[in-house]
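# Examining the three-dimensional arrangement
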Amino acid sequence: MMQNDYAQARKQYVEEVRRSFRHAQEDDYEEDEPVSVSVSFLKVRLLISACIFAAFILCDRTGSQFYHYTTEEVISMLQEERFQPQLDSIREAWTSITQKPQDKR
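What comes next concerns the included structure. (Residues numbered from 1 in each chain as written. Predicted model: local features only at pLDDT ≥ 70, side-chain atom pairs only at ≥ 80, totals over all residues. Heavy atoms only, no water.)

### So, the overall build of the protein
Helix and strand counts for the protein come out as three helices and zero strands. Of the regular secondary structure in the protein, the N- to C-terminal order runs α-α-α. Within the protein, the fraction of its 105 residues that count as buried is 3%. When the accessible surface of the protein is totalled, it reaches about 10300 Å², and 58% of it is carbon and sulfur. (Helix = DSSP H or I, 4+ residues; strand = E, 2+ residues; numbered from the N terminus. Buried < 20%, exposed > 50% of the residue type's maximum accessible area, 1.4 Å probe, protein only. Areas by Shrake-Rupley, 256 points an atom, 1.4 Å probe, with all protein chains shown as cover.)

Rendered as structure tokens:
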């Protein structure tokens, strides 16, 4: 009978310890989740920008055109700030989309 009581007490202790670890893990992961999402989004953006830059360098080295534009024409358009109003509207829209609901108050 004494062994049975010991086994029950031991089992109860192990279950309590397991429950205490579950709560600690859930709290830890809840805090880390938004960071991991933003880091993965940053990695995707970085990969896309690297691919665009590599394509630009490839077009420059081979003399290829992209949508009937040479690399010199693209550089001159960027230097003219020809697309600044469109870029400003895109930035404004992106800011309004990414604002948290509590920031809008």
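### Structural notes on the side chain of T71
As for its placement among the helices and strands, T71 is situated in helix α2 (residues 71-80). Residue classification places T71 among the buried residues on the basis of a relative accessible area of 6%. Each residue touching T71, except ones within four places of it in the same chain, is listed here: F56, C59 and D60. (Contact = heavy atoms within 4.5 Å.)

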